[in-house]
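What follows is the residue order along each chain.
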Amino acid sequence: MIERLAVIGVGLIGGSLARALRANDAVGEVIGCGRSIEHLERAQALGVIDAYCQDPGKAVANADMVFIAVPLGAIAGVFARIQGQLAEQAVITDGGSVKGSVIADAVQVFGEIPSWFVPGHPIAGTERSGVEASFPELYQNRRVILTPLAETDPQAIERVRAMWERVGSEVTEMSVAHHDEVLAATSHLPHMLAFGLVDALTRLGSNDEIFRYAAGGFRDFSRIASSSPEMWRDICLANSEALTAMLTRFGSEMTELSDAIRRKDGEALLRIFGRARAARERYVDGIDEGVS
Ligand SMILES: NC(=O)C1=CN([C@@H]2O[C@H](COP(=O)(O)OP(=O)(O)OC[C@H]3O[C@@H](n4cnc5c(N)ncnc54)[C@H](O)[C@@H]3O)[C@@H](O)[C@H]2O)C=CC1
Ligand SMILES: O=C(O)C(=O)Cc1ccc(O)cc1
């Protein structure tokens, strides 16, 4: 049970955690913190938070759990504002999509890895942003990855794990570098393909015509190109090395596919498509069995 939760950044991710903890009777009071009074008032009117303030330092005073859910480019600034303001027993975690950059920010601000900071990432979200898009079921049957370091207090890890389990998530731990490589492949690369495809097609012809003749596959594939440009700029800048490596590798795969099409090599095309279909069917069967 969390007595006082401070949510810094009450958008899709922070708002959904607050709603989910409330729905599960797992939190006493929720204090929201953000830059815009208008957004914070809306969050309060929606019942997501009980009270708000704009100063992260004040928001975390007396909180026993702090969840930082701001875009990656804003995390260092939040760390700087909460430094020296935390309650004795407070545990801090975050929801940032890249972990290496968050840990580098922590070291830069605090001068070391703080034992009470548990880096985390819920592998759950949508293409929408803001508190209006938040909902209490977002984390049900979804994975949350924690990337604790040798310096992280095991009790802090346990408290963060218990919080996520309470809202229905399956928690796993992995190293920071492994997290950033895996997510570059399974989340960051697909978002680049969606943004890149929609942008390229839009510039090829008139916007209206492209979308008028779009088939269902295009709609599915392009959904994530509606995601927040600022959030994805920050993810690309934070995970530049792993994402660039993945894009280079993907470029060679596309060249191989393009060569097979140019050669009219039906056998090679069947090999590539068959491999992909089998892999996706295994993945979909896994989703049907539970956590995705
Ligand atoms: N959108 C998604 O599907 C997922 C996002 N994430 C990560 O979660 C974090 C938050 O993303 P969302 O909730 O989607 O974004 P969002 O745009 O819905 O919410 C972010 C909130 O942070 C506030 N904010 C921005 N700068 C701030 C600052 N300096 N101080 C205080 N508040 C500030 C914004 O006003 C907004 O209310 C990001 O780091 C993102 O990488 C993680 C998993 C999924
Ligand atoms: O909308 C989708 O399909 C997503 O993939 C959402 C998402 C965005 C960023 C993350 O770090 C995790 C999940």
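Residues numbered from 1 in each chain as written. Chains lettered and ligands numbered in written order. Predicted model: local features only at pLDDT ≥ 70, side-chain atom pairs only at ≥ 80, totals over all residues. Heavy atoms only, no water.

Asker: Honestly, the packing of aromatic side chains in this entry has me stumped. Any pointers?
Answerer: We describe a pair of aromatic rings using the distance from one ring centre to the other and the angle between the two ring planes. Evaluated as defined, the whole model comprises five aromatic pairs. When the centroid spacing of 5.7 Å and the interplanar angle of 80° are considered together, the rings of F67 and W164 count as edge-to-face. Placement of F67 in strand β4 (residues 65-68) and of W164 in helix α6 (residues 154-166) is noted, with a sequence separation of 97 residues between them. Joined through ring pairs, the aromatic side chains of F79, F110, W116 and F117 make up one cluster. (Phe/Tyr/Trp six-rings, centres within 6.5 Å; stacked < 30°, edge-to-face > 60°. Helix = DSSP H or I, 4+ residues; strand = E, 2+ residues; numbered from the N terminus.)

Asker: Looking at this structure, how should I read unusual backbone geometry?
Answerer: Both trends apply: most residues other than glycine have a negative phi, and most peptide bonds are in trans. Positive phi is not limited to glycine here, since N62 has a value of about 70°. Structurally, N62 is set in the loop between α3 (56-60) and β4. The class for N62 is exposed, based on a relative accessible area of 61%. In this structure, K264 is a non-glycine residue whose phi angle is positive, near 55°. Turning to its location among the elements, K264 is positioned in the loop between α11 (240-262) and α12 (266-288). (Buried < 20%, exposed > 50% of the residue type's maximum accessible area, 1.4 Å probe, protein only.)

Asker: In this structure, what is going on with the site of ligand 2? I would like to understand it.
Answerer: Taken together, S97, H121, G125, T126, E127, H191, R223, I224, M231 and W232 make up the full set of residues near ligand 2. At a separation of 2.7 Å, an oxygen atom of ligand 2 approaches a polar side-chain atom of S97. R223 places a side-chain nitrogen or oxygen 2.7 Å from an oxygen atom of ligand 2. Burial of ligand 2 by the protein amounts to 83% of the accessible area it has alone, namely 340 Å². When its residues are assigned to classes, the shell around ligand 2 shows three nonpolar, five polar and two charged. Counting the residues that make up the shell around ligand 2, at least three belong to each of domain 1 (2-174) and domain 2 (179-283). (Near = heavy atom within 4 Å. Polar contact = N/O pair within 3.5 Å; in protein donor to acceptor, adjacent residues only side chain to side chain. Areas by Shrake-Rupley, 256 points an atom, 1.4 Å probe, with all protein chains shown as cover. Nonpolar A, V, L, I, M, F, W, Y, C, P; charged D, E, K, R; others polar. Domains from an automatic or database assignment.)

Asker: Looking at this model, I keep getting lost on the domain arrangement of the protein chain. Mind explaining?
Answerer: One frequent convention defines the size of an interface as the accessible area lost when the parts assemble. Split into domains, the protein chain comes out as domain 1 (2-174) and domain 2 (179-283). Taken over C-alpha atoms, the centre of domain 1 sits 30 Å from the centre of domain 2. Contacts between domain 1 and domain 2 engage 16 residues on the former and 13 residues on the latter. Both faces combined, the contact of domain 1 with domain 2 buries some 1100 Å², and carbon together with sulfur accounts for 66% of it. Three residues stand out in domain 1 for area buried against domain 2, namely S97, V98 and E127, and they jointly supply 45% of the buried area on that side. Linking domain 1 with domain 2 are one salt bridge. Between E127 and R223 there is a salt bridge, with the nearest N and O atoms lying 2.6 Å from each other. Inspection of the domain 1/domain 2 interface yields five residue pairs in polar contact (both at pLDDT 80 or more). (Contact = heavy atoms within 4.5 Å. Buried area = accessible area lost by both parts, 1.4 Å probe. Salt bridge = Lys/Arg side-chain N within 4 Å of Asp/Glu carboxyl O.)

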